[in-house]
Amino acid sequence: MADLKVEILGMKFKNPVMPAAGPNVWDGDRMILAAKNGAGGIVAKTVSVIPAKVPHPNIAKTVAGGLLNAELWSEEPWEKFVATEYKKAKSTGLPLIASVGYGKDDLAKLGPEIAKTGYVDAIEFSIHYLGKDITPVVESAKALKQGTNLPVIAKISPNVPDIAELVKAIDPYIDALVAVNSLGPALDFDPEDVTPFLDSENGFGWMSGKAIMPLALRCVYEIRQVFNKPIFGVGGIETGEDAIKFMMAGASAVQICSIVIKEGHKAYGRIAQEMSDWLDKHGYDSVNDVKDLYFNKMQKKKTIRYNVVVPELIDEKKCISCGKCEKSCMHGAITMTQSENGKIPVYDEAICLGCGYCTTVCPVKVLKIK
């Protein structure tokens, strides 16, 4: 059984799967539930100096496995977390990361108060409401770093114009990064009665879940190019393989929220187990063995192919004759043709434009680019 333990900033996690700050960890009891259901560490919901006023309803299902939310930071006062909730979370014995927001004055006040509890191992701060200018983000990071001896972790929004530039600017004041927060604003509504799913202004919300995973992966990879400290990958993780991909792109651990909203707290342990199973199946002894694999491979990639390369069927016996490749070929280059092993895809090389789409829809992964 593969070893899932990771150590980050002196914190020892039994596995790399933990909550992302959100409604799944809105109080100490929910943080305990995360631990009981297999989370490797705990991240608390974000608190600020003034409790949030959150519209209701504020979470809705949207397209492509995504969620829309008009959630904010905690509706509970930060004093409650300091008095009781962090203590409850720390009773699990797992590393505990607090989350705070949003400006430099808020962080300068909250950082020392949270650190004094003795229950928190690191403090994460979100840049979600700081706008696109780098200056207030740098000021917030500096204020939090100067106010506490705990490790400081910045949670990056995918909306910033230049992530690499931002990361370089705050690097001196942080010890790790979380990438990424939800994307938006976004809109969806019920066309039957023309009613917004969310009771926010204009029905706008922030998008999370499976739909943003490719964006989040890109951000982790891009950050890894300019940042040599730990990265917590977040955004659309629903399976162990998803989590593995984030670590291959450069993350040291992952955080999840949307799948917990959809599935319940059991998602933590399920994803961790699926990571272990994937590692065993592929011959890895430790989750640390896959870290940076994609990142390192891409650093060696020197060329981009512009000539047409026709895919090939690499194992005829494993083809299940589902025909998805034929149906998905917009150029009409694939014909399911009878062979001794059943119907298999045959390519017309004069028609195939080498787009590669068929290789990604094949459910058994027997189509590959040569």
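Before reading on, note that the structure itself is shown above.
Residues numbered from 1 in each chain as written. Predicted model: local features only at pLDDT ≥ 70, side-chain atom pairs only at ≥ 80, totals over all residues. Heavy atoms only, no water.

Two strands in a sheet stick together by hydrogen bonds in their backbones, pointing the same way (parallel) or opposite ways (antiparallel). Read across the open sheet, the 8 strands follow the order β3-β16-β15-β10-β9-β8-β7-β4; overall the sheet is parallel. Only two strands of the sheet have a single partner each, and these edge strands are β3 (17-19) and β4 (42-47). Strand-to-strand twist of the sheet, defined as the mean angle between neighbouring strand axes without regard to direction, takes the value 25°. Along the sheet face, helix α4 (residues 134-147) touches β7 (96-100), β8 (122-126) and β9 (152-156) and points at about 160° away from the line of β8. Sheet strands in contact with helix α5 (residues 163-170) are β9 and β10 (176-179), and its direction is about 165° off that of β9. (Pairing = 2+ DSSP bridges. Helix = DSSP H or I, 4+ residues; strand = E, 2+ residues; numbered from the N terminus. Axes fitted to C-alpha atoms, helices over the stretch in contact; angles between N-to-C directions. Contact = heavy atoms within 4.5 Å.)

For the rest of this paragraph, the subject is the pattern of salt bridges. Within this structure, the stated rule accounts for 17 salt bridges. Between Lys80 and Glu76 there is a salt bridge, with its nearest N and O atoms 3.6 Å apart. A relative accessible area of 33% places Lys80 in the partly exposed class. Residues Glu113 and Lys116 are paired through a salt bridge, measuring 3.6 Å at the closest nitrogen-oxygen approach. With a relative accessible area of 28%, Glu113 lands in the partly exposed category. Connected via shared salt-bridge partners are Arg224, Lys291 and Asp292. (Salt bridge = Lys/Arg side-chain N within 4 Å of Asp/Glu carboxyl O. Buried < 20%, exposed > 50% of the residue type's maximum accessible area, 1.4 Å probe, protein only.)

Both strand β18 (residues 334-339) and strand β19 (residues 342-347) contribute to a ladder of 6 bridges, which runs antiparallel. Pairing of Ser339 across the sheet is with Gly342, part of β19. The antiparallel pairing of β18 with β19 creates a hairpin that spans 2 residues between the two strands.

This is a description of form; function is not addressed.
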